[in-house]
Structure formats: C-alpha cells, structure tokens
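Below are the chains, spelled out letter by letter.
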Amino acid sequence: MTRTLLLIRRRLVTSIPVMIIVIIGTFLLLEAAPGDAVDAYVVSTGGDAGLIEALRQRWGLDQSPMTRLATYVWALLHLDLGYSVTFSRPILDVILERLPNTLLLMGSATALSFGLGSLLGVAAGAHPGSFRDRFLSIGSLALYAVPGFWLGLVLTVIFSVQLRWFPSSGIETIASGKSGIARALDIANHLVLPVAALGFIYLALYLRMMRAGMAEVWRLDFVLAAKVRGISRRRIVLRHVARNALLPLITMLGLQSASMLGGSVVIETVFSVPGLGRLAQEAVAGRDTPLLLGIILVSAVLVIVINLIVDILYGVLDPRVGSGEAAT
Amino acid sequence: MRKLAIRGLGVTYRRDAEEITALTGVDLDLEDGERLAIIGESGSGKSTLARAICGLLPAGTQIVGSIDWPSLRRAPVNGRDVGYVFQDPSASLDPVMTIGKQIAEVARTHRGATWQQSFALAEELAGRVRLPDPASILKAFPHQLSGGQKQRIAIAAAIAGKPGLLIADEATSALDTIVQAEIMALVKQLVAEDGMSLLFISHDIALASQIADRIAVFRDGRLIEVGPAESLLTAPRTPYTRLLLDAHLGLDTTKPWHSGGGAASARAGPP
Amino acid sequence: MIAVHRFLRSPEGLAGAGLLLIFAILALSAPFFFPRDPLSIAGPALIGPFQDWSLPLGTDRLGRDVLAGILHGARTSLTVGIAAAAAAIAFGAIVGTLAGFAGGLMDEALMRITEAFQTVPGFLLALAFVSVVGPSLAAVVIAIALAAWTGPARVARAEVLSIRERDYVASARVAGMHPLAIAFREVLPNALPPVLALSSVIVAQAILIEAALSFLGLGDPNRVTWGGMIAEGRAVLRSAPYLSIFPGIALVLTVLGVYLAGEATVEASAVRKGIA
C-alpha cells in the first residue's frame, strides 16, 4: 500500500512541471495563431469596432504577453478552457461531452490489442524460430505498417459496404429509442469497425513486444532452472516466460496512450464517432484554435492519469518495484 | 546399486560453424548414496558433464557414448530423478513468483500432490533447509532474500521432487566463506538424510574434499584421474592434480594443516 | 562488409531493400513518365483500373490520373518521411547530448520538456502546429519532427551519460577543450549509432503521420499526397473503392519496406558485433 502511495507521489511530482510546460506550449501556439478569440467571436456573431475593443479589454487581450499568460493560467486553474466559437459553448463542456466516447473507443481498442496481441505474442514466443513464430512476426510487421485510417476504410468497404455486417459511422443508431442492454449492444455494434481499425496496429505492437520479450526471458538462467526442475513446458511458457515478458508490455500500455489518443483523431473522423478526436478535426476545420488547444490540454491530463494507473498496475504485477527506493 | 554409468561420453558443441569439443571419452560411475566431486578449471568440461546428465545441452550438440541409469527402468526425469543447484542463486529463481510457489510447483509436478499439499510440502522443505519462519518466507519474492537464503530455496526446489541424485554445480562459489560453509553442511546433511547420491562440481579441490567420498579431476574435456578423496589428496597420481593441490595450498591459508606461510611453502605437500 | 552481406542474405532485408528501391525509382522517375501536373485533368472522370491502358489505374472523380498521383505521391511521402526523420533525429540528438553532458538543472529542465512532448499526443501536436502555421511542406516536416524527436533525445541522453565518463572525454577536459566542443565533437559522434538505429522506425512513423495529416486535409495543397488521394476517394468509397485502396497499398508497401530494411540492418549489425 505504501508502495502504491510512493508511486502516485512520484508520478504527481514529475507531472506538475510537465503540465506547466504543456500549458506554456499551448499558450505560445495560441499566441502564434492568426487572429485572436475576439476576431473569431466577431466572425461568428458579428459586431463593430467598438464592440471588438470592448471585448479585447474585457478578455484582457490588450495586455502584455506575460499578463495574458497569467490570465490564461488563472482561467485554467478555474477549469475555464475558454469559449468555443464553432460550438458557441464553453470548451470544457464540449470536451466533457465527447470524452466518454473516446474513452470507450480507446478502452476497447486497448483491450483488443493488448489481449489478443499478448496472446499471439505468447503463441509466437513459445517456440522461437518456428514457422508459427516467423509467420506471426512477419504478419505483425505488415500489420504494423498499415495506417489506421486506411485500414478503417478497407474494413468499411468489406464489412459495411459489401457484407453489410456492421454500420460504417456513428456511435449508435440515431433516435432508435433503445435503452439498457439493447442500447449497449447497438453501441458495441457501431464500435466493432473503429475499434478494429484503431486496435489492430497496436495489436501488432504488443505481439512483437511480447515475442521479443519472451525471446529474452528464454535465455535467462531461471528458465533453465525451471526446466531442470522438470516443470512442464506449458507451465514454463505461461507462468515463467510469458509472465516475466508481460511486464514491459504494461509499461508500453502507458507510453502508447498518447499515441492512441492521436490515432483516435483519424479513426473517429473516418467512422464519424463523436469523440475527442473527431472534435479535434472539427476544431481544425472550423479554425477554432482555442478548442484544439483545450483538447490538447485535456489529452495531456488524460495521458498523465493513464500513466498513473499503469504505474499502479505495474507495481501490483512486479514485486520488485519500489523495494529499492523505500528511502526516498 | 549403481546410480549412474557413463561410458565413452563425448560432447561437441557447434557454434558459428565452429566445432568445440567439450568432453571426450569419459567413463565414470556413481553409486547409490555416493558423494562424487568433479574438479576442474573453467573449460574443463565439468559443467558440460552435469548438463549432459540432465539433457540440458543446447539443440544441435553432438553427443556420443552413453549415460545409463541402471536403477531406473525408464528414462530419467529432471526434478524427479535428479535435482540441480546452480552457481548463482539470484539467477536461478523467477523474480516475480513467490518462493513458496517455486518450490511447490516442483512438488506438484513430481509428487502428484494438490496445490495445497504442495504448499505444505514447500513449508516443510523450507524448514529442512533451515530457513527461519518458513510460513512467512514462502510468501516472499527472491529479491527480498539474501544470497545464502536464495541458495537454500534453490536447494529446497531441487529436492522437492525427491530425486535420487543431487547435482551441485559450483553451488557455493558465489557465496561468501561463512555462508559457503553453512550451505556445505546443509547439502551434506540433506544428502545423508534422503540417501541421495551427490555430484559436487567445483573448481575448488579443498572444498570438494570436505564433502566427497571420491574425486574426479577433469582437464580439457578429459577425465584424467579419479579415486577416493583421501588417497587422491595425499598421493595424487597425475602432475596436474598435484598442481591443483599445490596452487590451492599456496593461496588458502585458513587450512589447519598449512601453517608454514611464505612463498616456499607453496610447493609443500600435505603432511 | 560482413554486415552488408548478412543484410542481403536475410529474406526480410532483401524484401525491404527491394520495396524501398522500387518506390525510390518510382518517386525519381515520376517527372519523366508523368511530366504533367498530377493534379491536372488527364481524362474522363472515374475510369476504373485496368480498362484504359493509357490510364492503367484509372482516374478519380475529377479525371486525374491515379497512377501519376501514386508516383508523384511517392515523392512527397519519401521526401517528408526522410526530411522529418532527419530533423527529429538531429534535434533529438542535440537535446539529448546537451542534457546528458550538462547534467544538473539543465538536464532536469530538458528532460521535463521532453516528457511534456511525450505527454501531449504527437499527432494532436502536429495537427495543431500545421493548423496554426498553415499547411505547407515545411510546416508538415516541422510538425512531424515536433512529434518524433523525443525518442532520439532519450536514447542520445542515455548513451551520453555512459560515454561522458570515459577516458578520452576526461583527457579532452584536461586538455582544456571547451565543454561544448567536447560534447559535440567527442561525445555526440560516439553516441550516434544507437540513435541512428531508431531511424527506420522514425521514417516509417513520419510517412504515416504525413499521410494522416494530408488525409485530414492538412497536407501541402500544391502537392499530391497518398493521404490526400485516400481522403479524396472516400467520397466515392461505395462505387469506386479502388481510389482509396491503391494509394493505401502504396503507403503500406513503403512503410513495410522501411521497417523490413531497418529490422534487417539492426539484426545484421547485431550479428556482426556478436562475432567480434
């Protein structure tokens, strides 16, 4: 328990400066963007020069950059990410509305890629150098080379256009009036293709990592020791080799969360899933820079939280974590 | 009865299209309950011999000759017929599995016990290898134990399948002298209690002489001399064995029968 | 030489090198075979593939030649991929060397910045950068480099940390060399090999990010891109899926070629080290 607390504290201590840097970075991008919030506001609502001046003063946009940064940070501390012109609503509201869909998509894709990827990785790594190993390893490399958005389109052509098995867009049937289990099944049905498109690339990644990790563990002495104790091959593969090779995959789970959030931008766009990624694309299309930067900030927080969860998970799975640093 | 009969054993490794001969023409017997030490420098083939007995040589290794188990009517099974203790106790235990489970899985594999019975056996074994507070130490992970404790665990795991032969491959070389002595005493006691044969592999002829009934000396993949410990120590038949004894006496000043000191005594034989 | 030999003997290396060679030739020969602007109209709209041999892969909605697009797209993909990877590796290696060599507060600050870049999804950052600066080839290259420099920086730092304790660094210090000169003349060149080992992965990722950016309409509007072609084909995905599928296949084969060649290179050099 104290070990977990230590991990949380360490992650938080390093996360604060990281978050500050991210905030400064987004502020700089906001400053670099052509036009400011008032221009955008006036474009969408209309207004004369007098109103523009008044708004600039009210939002503190006529101040020096340092003052503006302070205002920006002060607003962020109050969870105020600004106002979205494209949606005519506070940015945080829009983001929070879209977040669950993205979390659902990412969670399912992670479960698929991690579960299936590590299982296939074990299948490949159980007999290094075998035909099965080579086949899976080349196959996963080929899969890893496929861009998610294109895979999404190919899956759409096959499973939606040709076979008509799954819907090609949206998160659920609009105005279907479904609720409870029927609604959940409807959402699941809609998520099959986007989850496959997002997850397959990472499946290849986890497969390759598992396989490489197992190849390394096979060479360790304790595997030889288990063999000479007469432990069955099956048990050695699953309980010793795969179990040890799983640990780096857990770390990868956290490292890949940022990449997966990025990947969800294109996947959500391809499948019209109303999530954070689609929102980012809409922000770009609508030239809504504050909204885009709000998404980046929320994504960064999300990545930090996911990494924290992964840290704790790792601490549970690896008894060695934290034992050497109890003093710190 | 005879435990092992090795006849004309030769082992050739293949590495990058190069052939390395590790053992040639080895004839050696091991009786039930006998303690045989295999002595040699690194590269003498002593570990290859141990691994050949357990079928642990890498794929593609050429093996000639025979290793027979006269008392067995079937092929030997690792863990059930032979227990093996490695040099480095830290490397021979799975870092993320509890100690208890690592001992229990051997008992479960070879004794047909349930997991519950296997854990009870593991606790009993932890007591036999004289670990303090067996019940709680079984819940620990390898990194929480000292080197000596880990080697006791490795020994417990090696004998958990009740093997008739225990191979200790430089099992005390990585430990400091005091712990080394404790482990030596423990191995001696366990071998006696369970009536096991012991194959004690070491580069240290003096250490081996403390435990072995017979000593076999290996050099460059050949068995060059084998005989009762007593006579081999007092009257070695080959110059190489004499050299090994001399070198040892020159370096080790803790032996009671070596009190002369100084460079001149390096060539002195035992009294 | 042994490494090159081993590389060419492994089926992966051969396949990877073959694929890359084909696409490099396609990219280089595009202006000779298709001297006209690939964005101009070449014939009637939506001719299917393998129907008209003057337009072997057919035409898109606006009657543009698909094969010309794919050949010219190879230019964009390979240019952006290589340029962005080179920029990311150069920048990452410099940051990593400075952090590892300077140590202390400088190291701490640079590593926190690296971590901040790793925390923000790289693709979102690239998206934001291009959308703020405006789409152009240079913007896309910089955006991808921004998303990809952290890996090389971490590897370079780790390498520099071990190198800076070596004798020749100490002797350079004793000889009174300027610390920056030591860092970049003595330490960095020796830290490079493991950083360069990342290059195939980074080139592949860069090609994929470029494709995704242009798929979202953020590529250089004056150039043909595979991502742009795939996006263009989406509108007629049901009736003419080949418009999206052909450029995608080119993309997959290119990235696969990069991965295979990279993997074979790493393996060949590892084997060579193993022998020595």
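In this text the structure is predicted, and so the values were computed from the model without any measurement.

Student: Please give an account of the overall build of chain C that cites residues and values.
Tutor: A tally of regular secondary structure across chain C gives 12 helices and 0 strands. Judged by the C-alpha coordinates and their principal axes, chain C covers about 75 × 45 × 30 Å. Long-range pairs, those at least 24 residues apart, make up 69% of the contacts in chain C between residues at least 6 apart in sequence.

Student: Would you mind going over the overall build of chain A in detail, with residue names and values included?
Tutor: Within chain A, the regular secondary structure consists of 12 helices and 2 strands. From first element to last, N terminus to C terminus, chain A shows the α and β order α-α-α-α-β-β-α-α-α-α-α-α-α-α. Principal-axis analysis of the C-alpha atoms places the extent of chain A at approximately 85 × 60 × 35 Å. The burial tally for chain A puts 42% of its 328 residues in the buried class. Of the contacts made within chain A by residues no fewer than 6 positions apart, 73% connect residues no fewer than 24 positions apart.

Student: So, the nonpolar core: which residues are in play, and what are the values?
Tutor: One finds Ile295 of chain A, Ile103 and Ile167 of chain B together with Leu124, Ala126, Leu127 and Ile144 of chain C to be the most contacted residues of the largest nonpolar core, which totals 241 residues. Setting aside residues up to four positions removed in sequence, Leu124 of chain C forms contacts with Leu261, Gly262, Val265, Ala280, Ile295, Ile296 and Ser299 of chain A.

Student: An account of the confidence of the model for chain C is requested, with residue identities and associated values reported.
Tutor: Any segment with low pLDDT has predicted coordinates that should not be analysed in fine detail. All names here are of chain C. When pLDDT is averaged along chain C, the result is 85, and 95% of the positions lie at 70 or above. Within chain C, no element has a lower average pLDDT than helix H1 (residues 2-9), which sits at 69, and none a higher one than helix H6 (residues 137-148), at 94. In this model residues 272-276 is a low-confidence stretch, pLDDT under 50, and it forms 2 contacts with partners more than four residues away in sequence or in other chains. The ipTM, which scores confidence in the relative placement of chains, is 0.86 for this predicted complex, and the corresponding pTM is 0.83.

Student: Any details on unusual backbone geometry? Residues and values, ideally.
Tutor: Look at Ser272 of chain A: it is not a glycine, yet its phi comes out positive at around 50°. Its location among the elements puts Ser272 of chain A in the loop between helix H10 (233-271) and helix H11 (276-285). One non-glycine residue, Asp220 of chain B, lies in positive phi territory at about 50°. One can find Asp220 of chain B in the loop between strand S8 (214-219) and strand S9 (222-228). Among the residues examined, Asp220 of chain B registers 15 C-beta atoms within 10 Å and is labelled partly exposed.

Student: Residue-level account of helix H8 (residues 180-218) of chain A, with values.
Tutor: Because an α-helix completes one turn every 3.6 residues, residues spaced three or four positions apart along the sequence face the same direction. For H8 of chain A, built from 39 residues, the straight-helix expectation of 57 Å at 1.5 Å per residue is missed by more than 12%, its first-to-last C-alpha distance being only 48 Å. At Leu191 of chain A, H8 of chain A shows its maximal bend, which comes to roughly 40°, and the proline Pro194 of chain A appears one to four places after that position.

Student: For the interface of chain A and chain B, give the residues involved together with the corresponding values.
Tutor: Each side of the interface is counted separately: chain A has 19 residues, and chain B has 24 residues. Secondary structure elements with two or more residues in the side of chain A that touches chain B: helix H9 (221-228) and H10 of chain A. It is H9 of chain A that contributes the most residues to the side of chain A that touches chain B, 6 residues altogether.

Student: Please provide a residue-by-residue account of the sheet that holds strand S4 (residues 62-68) of chain B, values included.
Tutor: Strand pairing in a sheet takes place through backbone hydrogen bonds and is either antiparallel or parallel in direction. Residue and element names in this part refer to chain B. If you trace the 3 strands from one edge of the open sheet to the other, you get S2-S1-S4, paired in antiparallel fashion. Only two strands of the sheet have a single neighbouring strand rather than two, namely strand S2 (18-31) and S4. Shown here is a sheet whose adjacent strand axes are inclined to one another by a mean of 5°, direction ignored. Pairing analysis gives 6 bridges linking strand S1 (residues 2-15) to S4, with the strands arranged antiparallel. Its bridge partner lying in S4, Ile6 is registered against Ile67. Against the sheet, helix H1 (residues 46-53) touches S1, S2 and S4, its axis set at about 70° to S2.

Student: So what's going on with the packing of helix H5 (residues 122-133) of chain C against helix H10 (residues 199-215) of chain C? Residues and values would help.
Tutor: All names here are of chain C. Running from N to C, H5 and H10 point in directions that differ by 50°, and their axes come no closer than 11 Å. Compared by their axis directions, H5 and H10 come out oblique. At the point where H5 passes H10, the crossing takes the right-handed sense. Residue-level contacts link Phe123, Ala126, Leu127 and Val130 of H5 to Ile209, Ala212 and Leu213 of H10. Among the residues making up the contact of H5 with H10, the classes are represented as 7 nonpolar, no polar and no charged.

Student: Let's hear about the sheet that holds strand S6 (residues 165-169) of chain B: which residues, and what values?
Tutor: Residues and elements named next belong to chain B. An order of S5-S6-S7-S3-S8-S9 is seen for the 6 strands of this open sheet, with the pairing classed as mixed. A strand with exactly one partner marks an edge of an open sheet, and here the two such strands are strand S5 (82-85) and S9. Going across the sheet, the axis of each strand differs from the next one's by a mean of 15°, ignoring polarity. With 5 bridges connecting them, S6 and strand S7 (residues 197-202) associate as parallel partners. Counted as the bridge partner of Ala168 is Phe200 from S7. On the sheet, helix H5 (residues 147-159) packs against S5 and S6 and is oriented at approximately 165° with respect to S5.

Student: Describe the packing of helix H5 (residues 91-125) of chain A against helix H6 (residues 131-144) of chain A, and please don't skip the residues or the numbers.
Tutor: Describing two packed helices takes the angle between their axes plus the distance from one axis to the other. Residue and element names in this part refer to chain A. Direction vectors running N to C along H5 and H6 enclose 140°, while the axes themselves pass 7 Å from each other. Taken together, the axis directions place H5 and H6 in an arrangement best described as oblique. On H6, the residues touching Leu120, Ala123 and Ala124 of H5 are Arg132, Asp133, Leu136 and Ser137. Its residues assigned to classes, the contact of H5 with H6 shows 4 nonpolar, 1 polar and 2 charged.

Student: Lay out H5 of chain A with the relevant residues and their values.
Tutor: With 35 residues, H5 of chain A should reach 51 Å at 1.5 Å per residue; the first-to-last C-alpha distance of 47 Å fits that figure. A maximum bend of about 35° is found in H5 of chain A at Leu99 of chain A, where proline Pro100 of chain A lies one to four positions downstream.

Student: Please set out the interface of chain A and chain C residue by residue, giving values where relevant.
Tutor: In this complex, chain A contributes 42 residues to the contact, which on the side of chain C involves 37 residues. A class-by-class count of the residues in the side of chain A that touches chain C yields 32 nonpolar, 10 polar and no charged.

Student: Can you tell me about the environment of Trp115 of chain B, naming the residues and giving the values?
Tutor: Relative to the helices and strands, Trp115 of chain B is located in helix H3 (residues 115-128). The spacing of Trp115 of chain B and Trp69 of chain B is 46 residues in sequence and 30 Å in space, taken between C-alpha atoms.

Student: For the environment of Ala33 of chain A, give the residues involved together with the corresponding values.
Tutor: Position of Ala33 of chain A relative to the elements: it lies in the loop between helix H1 (2-32) and helix H2 (37-45). For the pair formed by Ala33 of chain A and Arg229 of chain A, sequence separation is 196 residues and the distance between their alpha carbons is 66 Å.

Student: Residue-level account of the environment of Val26 of chain B, with values.
Tutor: All names here are of chain B. Structurally, Val26 is set in strand S2. For Val26, a count of 22 C-beta atoms within 10 Å corresponds to the buried category. In this structure, the C-alpha to C-alpha distance between Val26 and Gly65, residues 39 residues apart in sequence, is 8.4 Å. Apart from residues lying up to four places away in sequence, Val26 is in contact with Ile6, Leu9, Leu49 and Leu223.

Student: Let's hear about the pairing of strand S3 (residues 35-39) of chain B: which residues, and what values?
Tutor: Residue and element names in this part refer to chain B. Across the 5 residues of S3, 5 count as buried, placing the element largely inside the fold. Residues Arg35, Ala37 and Ile39 point to one face of S3 and Leu36 and Ile38 to the other, with burial holding for every one of them. Bridging between S3 and S7 involves 5 bridges; their strand directions are parallel. Paired with Arg35 across the bridge in S7 is Leu198. Pairing geometry for S3 and S8, over 4 bridges, is parallel. The residue bridging Ile39 from the neighbouring strand is Val217, located in S8.

How each quantity is defined
Residues numbered from 1 in each chain as written. Chains lettered and ligands numbered in written order. Predicted model: local features only at pLDDT ≥ 70, side-chain atom pairs only at ≥ 80, totals over all residues. Helix = DSSP H or I, 4+ residues; strand = E, 2+ residues; numbered from the N terminus. Contact = placed C-beta atoms within 7 Å. Buried ≥ 20, exposed ≤ 12 C-beta atoms within 10 Å, placed from the backbone. Core = buried A, V, L, I, M, F, W, Y, C linked by C-beta atoms within 7 Å. pLDDT = per-residue confidence, 0-100. Expected span 1.5 Å × (residues − 1). Bend = angle between axes of the 7 residues up to and from the residue. Pairing = 2+ DSSP bridges. Axes fitted to C-alpha atoms, helices over the stretch in contact; angles between N-to-C directions. Parallel < 35°, antiparallel > 145°, perpendicular 65-115°, else oblique. Left-handed = near helix turned anticlockwise from the far one by under 90°. Nonpolar A, V, L, I, M, F, W, Y, C, P; charged D, E, K, R; others polar.

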